[in-house]
Amino acid sequence: MQNSASSFIVGNPTLAPVVAVIGAGAWGTALACALRRGGLEVRLWARRPDLTHAIATQARNPRHLPDLELPAGLKASSQMAEVLDGADAVFMVVPSAALREVARVAAPWLQRRAVVLAACKGIERDSGALMTQVLRQELRPGALIGAIGGPSFAHEVVRGQSAALTVGLPALRQRGAVDVQSHAQRLMGGLRTAFAAGQVQLDVTDDAIGVQVGGALKNMIAIACGMAMSCEQGENVRAAILTRGLQDMRRLALALGGRPETLLSSAGAGDLFLTASSAQSRNTRLGMQLGRGEFPGGEGELAEGAISSQSVQILERRLGLHLQVAAVVRDVLGRRQTAEEALRRLLTQPVQQDDALGLPVGSGVHAHRLLRDVQGLRPTLSRAQSRQSQ
């Protein structure tokens, strides 16, 4: 089984790519800083010219990271064509709800065979699409689309503190396209070298689905953990919520054609433990609010996990799954139960599995049935199993 960075990159000369980061929020700025410290040419895009001017001339992001100095030589512009001109690697770091619109604007300016990585964590609200599916629908054919995830407190990365991330890029093992595979491996080697110089360890897999499922579901699990914290239900309860949440991740990843071992990477367990254990996380803070019986004033105040808990219901219905933690978060947000009542229900529900694939009893999804027609991915269980055995 090839699932580590070295298995994809050893023996392939690396490429020092030109990098575009689309989105100059806290996390987009942090990724740009790490890569710039690694010696790459990095360009940041933001809608607001005043923000890009401050980044380019003052080495500051006054809106999102006002107290932190950015590395010298970081470029920024509000002109999409300028930022994407000649870019080999593109990081899409905008809110998941805005990704489709921004990708549509970026599409005409992408160079052929650019690697485009979704760095936003979520599930599209109206379609149930993963972020790579949104990109595939909006970008020109030929773009090499993947996802990046992992524990990501932006201020720590900007300060140069160590971190670990995981990239999922299917082109790393694209059958029948040796030149595409080799190009992807060389480019990821260059990114991995630059990230390492910026104190970020980058692990690499071809499983973009597992990377995205981990990133999308960890936020709603953090909301449930935040509820438990403010209800003062104890550390044992939080551990039980994490256990249920990991089971939810595993079931959804398998149903979509991902691999469960990806959820043990920084994009799965690592991101989950950071987000669910720290009050610095917006999702955990929202959960603490809900646990006190306080509700956000409007959708603009909702953390990503609250939106994803609604969006993932489309996939649950389509695949015949029941994700326990997502249901708890939905019920509390919908004021159908208090946080305490919903958590009590969660902890009295058994974690039921009918086979080694982790499919829920009575779900209507059987191990021998093809899981297909999910936003055009059309994965099958047999295909997923063959990938695991390689």
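Predicted model, so just to flag it, every value in this text is computed and none were measured.

A.B. asks: Is there a simple way to think about the overall build of the protein chain in this case?
C.D. replies: A count of helical and extended segments in the protein chain gives 16 helices and eight strands. For the protein chain, long-range pairs separated by at least 24 residues make up 73% of all intrachain contacts whose partners lie at least 6 apart in sequence. Approximately 15,600 Å² of the protein chain is accessible, and the part contributed by carbon and sulfur atoms is 49%.

A.B. asks: So what exactly am I meant to see when it comes to the environment of I223 here?
C.D. replies: As for its placement among the helices and strands, I223 is situated in helix α9 (residues 208-230). The exposure class assigned to I223 is buried, which follows from its relative accessible area of 0%. For the pair I223 and A276, spaced 53 residues apart in sequence, the C-alpha separation works out to 7.4 Å. Once you skip the residues sitting within four places of it in the chain, I223 turns out to touch N283, L286, G287, L290, G305, A306 and V329.

A.B. asks: Explain the environment of A326 here, please?
C.D. replies: Mapped onto the fold, A326 is located in helix α14 (residues 324-333). Expressed as a C-alpha distance, the spacing of A326 and G245, which sit 81 residues apart in the sequence, is 8.6 Å.

A.B. asks: Teacher, can you tell me more about the side chain of R173 here?
C.D. replies: One can find R173 in the loop between β7 (163-168) and α8 (178-197). In this structure R173 comes out as buried when scored by relative accessible area, which is 12%. There is a polar contact of 3.5 Å between the side chain of R173 and the side chain of D206.

A.B. asks: How should the nonpolar core be read in this particular structure?
C.D. replies: A general trend in soluble globular proteins is that nonpolar side chains are found buried together. Core analysis: the biggest nonpolar cluster contains 50 residues, and F91, L169 and L191 have the highest contact counts within it. Among all residues touching L169, those that are not within four sequence positions of it are V115, L117, L144, I145, G146, A184, M188, T205 and D206. Counting residues in hydrophobic clusters, the runner-up holds 45 residues, among them I123, V213, A224 and A326.

A.B. asks: Please explain the UniProt feature "binding site: substrate" (unreviewed entry) in the protein chain as it appears in this structure.
C.D. replies: UniProt annotation of "binding site: substrate" (unreviewed entry) refers to K121, R282 and N283 when read in the numbering used here. Taken together, the annotated residues stretch across 163 residues yet fold into one region, lying no more than 13.2 Å apart by C-alpha. Locating K121 in the fold gives a position in the loop between β5 (115-118) and α6 (131-138). Setting aside anything within four residues of it in sequence, one finds K121 in contact with G149, G150, S152, G215, K218, N219, D271 and E304. A polar contact of 2.9 Å, which involves the side chain of K121, links it to the backbone oxygen of G150. Residue placement: R282 occurs in helix α12 (residues 282-291).

A.B. asks: What is the right way to read α6 from this model?
C.D. replies: Side chains that are three or four residues apart share a direction in an α-helix, a result of its 3.6 residues per turn. With six of its eight residues buried, α6 lies for the most part within the structure. Looking only at α6, the buried set comprises M131, T132, Q133, V134, L135 and E138. On its buried face, α6 sits against β4 (89-92), α5 (99-106), β5, β6 (144-149) and α9.

A.B. asks: I tried to follow the sheet that holds strand β1 (residues 19-22) on my own but got confused; where do I start?
C.D. replies: In sheet architecture, strand pairing relies on hydrogen bonds along the backbone and comes in two forms, parallel and antiparallel. Taken together, eight strands build an open sheet; the order of strands is β3-β2-β1-β4-β5-β6-β7-β8 and the sheet is mixed. Looking at the sheet topology across the chains shown, the edges are occupied by β3 (75-77) and β8 (200-205). If you compare each strand with its neighbour and ignore which way they point, the axes differ by 25 degrees on average. Bridge count between β1 and strand β2 (residues 42-45): four bridges; the pairing is parallel. In the strand pairing of β2, I22 is matched with W45.

A.B. asks: Any chance you could explain helix α2 (residues 26-37) here in plain terms?
C.D. replies: Taking 1.5 Å per residue, twelve residues should reach 16 Å; α2 reaches 17 Å between its end C-alpha atoms and fits that length. With nine of its twelve residues buried, α2 lies for the most part within the structure. Considered for burial, the residues of α2 that qualify are W27, G28, T29, A30, L31, A32, C33, A34 and L35. Within two residues after α2, G39 carries a phi angle of roughly 95 degrees, on the positive side.

A.B. asks: What should I look at first to understand the side chain of D206 in this one?
C.D. replies: Mapping D206 onto the fold places it in the loop between β8 and α9. For D206, a relative accessible area of 10% puts it in the buried group.

A.B. asks: Looking at this structure, how should I read the pairing of β1?
C.D. replies: Side-chain direction in a regular strand flips from residue to residue, so the side chains alternate between the two faces of the sheet. Taking every second residue as pointing to the same face, both faces of β1 are buried, with V19 and V21 on one and A20 and I22 on the other. In this fold, the crossover linking β1 to β2 by way of α2 has right-handed handedness. Bridge count for β1 against β4 is four bridges, and the pairing is parallel. Each bridged residue has a counterpart across the sheet, and for V19 the counterpart in β4 is A89.

A.B. asks: Looking at this structure, I do not really get the packing of α5 against α6. What am I missing?
C.D. replies: Axes are the key here: two packed helices are described by the angle between their axes and the distance separating the axes. Interhelical geometry of α5 versus α6 gives an angle of 35 degrees and a closest axis separation of 9 Å. Crossing of α5 over α6 shows right-handed handedness. Only M131, V134, L135, Q137 and E138 of α6 make contact with α5, whose side of the interface consists of L99, R100, A103 and R104. Per-class residue counts for the contact of α5 with α6 are five nonpolar, one polar and three charged.

A.B. asks: Quick question: what am I supposed to make of the packing of α9 against α12 here?
C.D. replies: Closest axis-to-axis distance for the α9/α12 pair is 6 Å, and the angle between their directions is 45 degrees. With respect to each other, α9 and α12 are oriented oblique. As for the relative orientation of α9 and α12, their crossing is right-handed in sense. Between α9, through N219, A222, I223, G226, M227, M229 and S230, and α12, the contact on the second element is made entirely by N283, T284, L286, G287, M288, L290 and G291. In terms of residue class, the contact of α9 with α12 is made up of seven nonpolar, seven polar and no charged.

Parameters at a glance
Residues numbered from 1 in each chain as written. Predicted model: local features only at pLDDT ≥ 70, side-chain atom pairs only at ≥ 80, totals over all residues. Heavy atoms only, no water. Helix = DSSP H or I, 4+ residues; strand = E, 2+ residues; numbered from the N terminus. Contact = heavy atoms within 4.5 Å. Areas by Shrake-Rupley, 256 points an atom, 1.4 Å probe, with all protein chains shown as cover. Buried < 20%, exposed > 50% of the residue type's maximum accessible area, 1.4 Å probe, protein only. Polar contact = N/O pair within 3.5 Å; in protein donor to acceptor, adjacent residues only side chain to side chain. Core = buried A, V, L, I, M, F, W, Y, C linked by side-chain atoms within 4.5 Å. UniProt positions renumbered as here; feature names shortened; annotations may be inferred. Pairing = 2+ DSSP bridges. Axes fitted to C-alpha atoms, helices over the stretch in contact; angles between N-to-C directions. Expected span 1.5 Å × (residues − 1). Right-handed = clockwise from strand over helix to strand, strands pointing away. Left-handed = near helix turned anticlockwise from the far one by under 90°. Nonpolar A, V, L, I, M, F, W, Y, C, P; charged D, E, K, R; others polar. Parallel < 35°, antiparallel > 145°, perpendicular 65-115°, else oblique.

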